[in-house]
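Secondary and tertiary structure notes
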Amino acid sequence: MPLTNFNKHKTLATLITRTLVWVITIFTVGVLIQSWHLSRDIVQEEVKRTSRQTSSLVHNFFEYRLASLQILQDSNAKSDTVENFFNNHDYRGLDYFFLREDNLEPIHSPDFRFISHLSDVIWDDGNALFYGLESSNLTELFHKVDIHSNWNALVTDSQLGLKHTLIRRTPIVQSESGEVLGFLFAGVILDDNAGLLANLLQGSNSDDVILRFGDKFIASTISPDDNYTVQSISDLIYSGETDLSKLLITETNLDVGTKQNILTIFSVQRNPSVLALRNSYLFWIFLSLAVITTISFLTRRWLNRKVTKELSELMVYTKVAVSQDRVEKFSGSSIHEFNHIGNTLSNTFERLSEQEKLFQDLFSFSLSPIIVWTEKGTILQINPAAKKTLDLFEELSQANSKSFVSFINQMRPLVLKASMGATLTGIDVPIGEKVYRWSLSAIQTRDDSTLVLSQGQDITKLVEAEKQSIKARKEAEWSAKARTDFLAKMSHEIRTPLNGILGISQLLKQGGDDGKYQEQIEVLCNSGEHLLAVLNDILDFSKIENGSFKLEKHNFKFKEVITALEGIYRPLCDHKNIELIIRNDLSVNTALNTDQVRLNQILFNLVSNAVKFTHQGHVEVSFTLEPEELNKAAGLKIQVEDTGIGILSNQIQQIFDPFVQSEATLTREYGGSGLGLAIVKNLVTIFDGEIDVSSEVGRGTRFEVILPIETAIGLAENNAKETVIDFNLFPEAVKVLLVEDNHTNAFIAKAFCEKYGMDVIWAKDGKEALEFLKTMSFELILMDNQLPFVSGIEVTKQIRNTIDKTVPIYACTADNLTSTRQAFFAAGADFVIVKPIKKKSLYEALRHFKRYHYYSACEH
Ligand code: ADP
């Protein structure tokens with residue numbers, strides 16, 4: 001069965017076989033090396049022992065040889081024949097004597113003999129001639145012999161070349177007289193002495209011997225048949241590299257007489273034990289290799305048959321399971337581990353297959369549209385829900401409806417983005433009448449390619465609901481604005497007639513004496529004032545609501561605030577029979593730079609509530625100035641405490657909401673709009689301050705306000721006195737042009753002016769005013785701002801530019817905004833009166849007119 005990837009990866013059988021072969025090889029080599037070492041040590045020891053033995057044999061041989069020569073020589077010297085030779089000179093008899101001796105002891109005989117008398121050699125046995133030694137050589141040797149040495153190693157130059165000899169002399173003594181007659185010399189030739197070498201060979205148990213005299217090789221038994229020469233042996237000796245496996249060379253040094261180590265014998269022995277050992281090892285190595293090869297071959301075969309076959313089956317099983325959809329049970333293996341792996345894989349495949357089926361079902365039966373895309377943005381798989389969503393009734397490849405193409409075009413860039421790794425959510429794509437919200441994320445496949453999974457959700461209703469909610473919010477905002485605008489307009493509309501009522505009632509109050517009507521007018525006046533206060537609250541609140549409210553800061557004396565407070569609330573408290581306590585920690589001349597009107601509004605709202613809801617006891621108002629700290633401005637702390645009815649704890653949080661009153665019945669009993677505290681709260685917020693309230697029903701309430709405040713310096717003392725109105729300001733009637741569109745306002749203003757004896761002409765708009773000015777001259781113009789067609793500011797500009805540059809123009813404006821004042825002054829107005837025109841404000845304006853314009857006009 002061919003298995004994939006077998007070229008790249010090794011088979012299990014190969015791996016096991018290799019491991020086995022390596023293990024056996026290492027083990028065998030180890031054993032061989034160890035036994036080689038052991039044997040080699042033994043052999044070396046043996047070689048050393050043999051060497052010692054050989055050396056000792058050589059020594060013994062030489063000693064024995066020389067000793068036997070010595071004994072024979074000494075006995076010969078003592079023989080009668082030798083002694084008689086000196087008496088009868090019987091040379092022949094001496095020759096026979098030694099010949100006989102040599103025949104008797106051939107082994108112990110010397111190579112040559114000679115006898116000396118005095119300083120001459122008188123006899124020799126003639127053997128020396130065989131070695132090339134003539135009588136001159138013998139005489140030379142005789143003279144060279146050291147009388148103190150037993151044996152002498154001597155060299156002489158013979159006719160056959162240099163001859164190396166061992167020579168010993170022994171005295172020949174006359175037995176009767178003891179006189180030394182001469183000396184008997186015995187010599188041994190060392191060069192090419194076949195007999196000596198043969199004996200040496202035999203005695204030393206060697207294959208060959210080599211003799212060295214001094215440093216010269218003089219004899220050897222080496223024949224041309226041998227595979228070594230004297231030279232090669234000599235090289236080995238001098239290099240010290242004796243190859244034990246080939247030859248064993250033993251060096252024996254011998255001393256002769258006084259000359260130490262003069263003679264060296266090299267015994268050459270072939271080394272059979274080492275050779276045998278080497279051969280035996282070679283044999284075993286080859287045998288081991290053969291065994292290992294056989295074992296590996298057999299193991300491989302066995303493994304192939306057993307393991308690989310089983311493994312192949314397992315692999316084939318996994319391959320089939322992976323490549324095909326159906327998953328079959330593993331048929332089992334005779335190897336336990338493979339059996340276990342096979343069964344585990346089988347279970348895993350089954351589980352995977354179940355999961356795959358589950359996912360497929362989820363994909364197919366999902367109600368949400370699911371589409372799987374390739375990373376290039378083409379559809380790979382699409383579930384039935386998605387087909388339904390896209391109205392796909394044909395095959396994907398044939399789909400080309402307009403909505404389908406538009407969908408693909410919208411999705412493709414998103415798919416490409418998601419395939420880079422981004423997870424996209426909340427992508428709304430309209431399909432036909434509906435809107436689907438898609439989520440896209442990348443998935444990695446087994447073959448490492450990227451797919452993009454997109455899932456959609458029908459959010460048509462949600463989108464509709466979102467649209468509705470946006471519409472509703474807009475409508476709510478619009479209606480809130482409309483409400484605020486309406487409130488602003490209405491309160492303005494109501495204020496104008498109300499000003500009329502108030503103005504008239506003030507005029508009536510001034511003029512009439514009738515006590516009965518005076519009281520009714522008083523009620524009329526108070527009701528009007530109250531209605532105006534409520535209206536002002538509504539107006540302020542709507543201004544705050546639509547964000548057009550701004551603080552108008554200016555410098556003022558704090559004392560003015562207290563004076564006003566005293567002026568308004570002391571009479572009220574006295575009237576209600578409650579005590580008003582004012583505690584002021586601020587110094588008398590403290591000047592502040594803030595919006596005085598709004599500060600008063602906060603204070604008066606709190607105090608008027610305290611007075612309103614207190615029936616006995618006191619209302620205590622205290623002021624403290626908290627010093628400036630790091631990163632914190634100075635703070636004006638206002639505390640309003642009363643002993644009134646208190647507020648229920650569950651309502652204390654709501655009292656700052658607009659139109660809220662702690663009890664519905666309160667409205668009827670105490671009046672009020674429920675806007676006061678809402679305005680206070682908003683104003684405090686605009687001031688960047690804080691407000692806090694604590695209360696107990698039946699015992700009283702305490703409000704605490706802290707406002708960041710700037711203190712001002714160097715304000716002139718302002719002695720606010722109660723203004724006494726003097727209607728006789730002008731000795732003659734002043735000619736006044738009143739420009740006012742509203743009848744009531746015009747009527748009241750006219751009535752007030754007439755009280756000062758003025759001559760008033762009324763123009764109801766800017767155009768009419770300009771007409772009057774062209775034909776008549778006036779000493780004063782009272783100019784309203786909100787005129788039809790052209791505003792008061794514009795009319796003022798036109799008067800100044802075209803008609804009269806000098807006539808005093810006193811503007812009247814309902815909003816007390818600095819911007820409006822500045823615009824009037826810029827247009828050329830001389831003074832600004834804040835509407836509604838009241839007795840006091842008109843008086844102050846006219847006083848201003850009198851001081852700055854009237855007399856100067858008269859002088860002109
Ligand atoms: P109103 O015009 O009704 O006074 P506010 O906004 O000023 O409206 O006050 C809201 C409600 O808070 C009041 O109706 C009253 O129930 C309660 N309240 C305010 N101040 C006090 C106080 N000092 N003592 C008792 N209740 C108070």
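Residues numbered from 1 in each chain as written. Predicted model: local features only at pLDDT ≥ 70, side-chain atom pairs only at ≥ 80, totals over all residues. Heavy atoms only, no water.

**As for the UniProt feature "modified residue: 4-aspartylphosphate" (unreviewed entry) in the chain**
UniProt marks Asp784 with the feature "modified residue: 4-aspartylphosphate" (unreviewed entry), using the numbering shown here. Looking at the element boundaries, Asp784 is found in strand S24 (residues 780-784). (UniProt positions renumbered as here; feature names shortened; annotations may be inferred. Helix = DSSP H or I, 4+ residues; strand = E, 2+ residues; numbered from the N terminus.)

**Quick word on the UniProt feature "transmembrane region" (unreviewed entry) in the chain**
UniProt's entry tags residues 12-33 and 281-299 with the feature "transmembrane region" (unreviewed entry), counted in the numbering of this structure. Across residues 281-299, the secondary structure splits into 100% helix and 0% strand, with the terminal C-alpha atoms separated by 26 Å.

**Considering the nonpolar core**
For soluble globular proteins, nonpolar side chains are generally found buried alongside one another. By size, the foremost hydrophobic cluster in this structure holds 46 residues, and its most contacted members are Leu603, Val621, Phe623, Ile638 and Leu707. Counting residues per element, the ones that place at least two in this core are helix H12 (515-545), helix H13 (558-576), helix H14 (596-612), strand S18 (618-626), strand S19 (634-642), helix H16 (676-687), strand S20 (690-696) and strand S21 (700-712). Broken down by element, this core gets its largest block of residues, eight residues, from H14. Core analysis: the second largest hydrophobic core is formed by 28 residues, Leu507, Tyr756, Tyr843 and Ala845 among them. (Core = buried A, V, L, I, M, F, W, Y, C linked by side-chain atoms within 4.5 Å. Buried < 20%, exposed > 50% of the residue type's maximum accessible area, 1.4 Å probe, protein only.)

**Structural notes on the environment of Leu303**
By the secondary structure assignment, Leu303 is in helix H7 (residues 272-323). As for Leu303 and Tyr96, which are separated by 207 residues in sequence, their C-alpha atoms are 94 Å apart.

**Some thoughts on the side chain of Ser454**
Position of Ser454 relative to the elements: it lies in strand S14 (residues 450-458). Residue Ser454 is classed as buried on the basis of its relative accessible area, which comes to 0%. Setting aside anything within four residues of it in sequence, one finds Ser454 in contact with Pro369, Ile370, Ile371, Trp373, Met411, Trp438, Ser439 and Leu440. (Contact = heavy atoms within 4.5 Å.)

**Remarks on the pattern of salt bridges**
Following the criterion strictly, the structure yields 17 salt bridges and no others. The salt bridge involving Arg113 is made with Asp125; its shortest N-O contact spans 4.0 Å. Pair noted here: Arg113 is in strand S1 (residues 112-117) and Asp125 is in the loop between strand S2 (120-124) and helix H4 (135-144), with a separation of 12 residues, a long-range link. A salt bridge links Glu794 to Lys797; the shortest N-O distance between them is 3.8 Å. Within this pair, Glu794 and its partner Lys797 are both found in helix H19 (residues 792-803), separated by three residues, close to a single helical turn. By relative accessible area, Glu794 is classed as partly exposed at 33%. Taking the relative accessible area as the measure of exposure, Lys797 reaches 36% and is therefore partly exposed. (Salt bridge = Lys/Arg side-chain N within 4 Å of Asp/Glu carboxyl O.)

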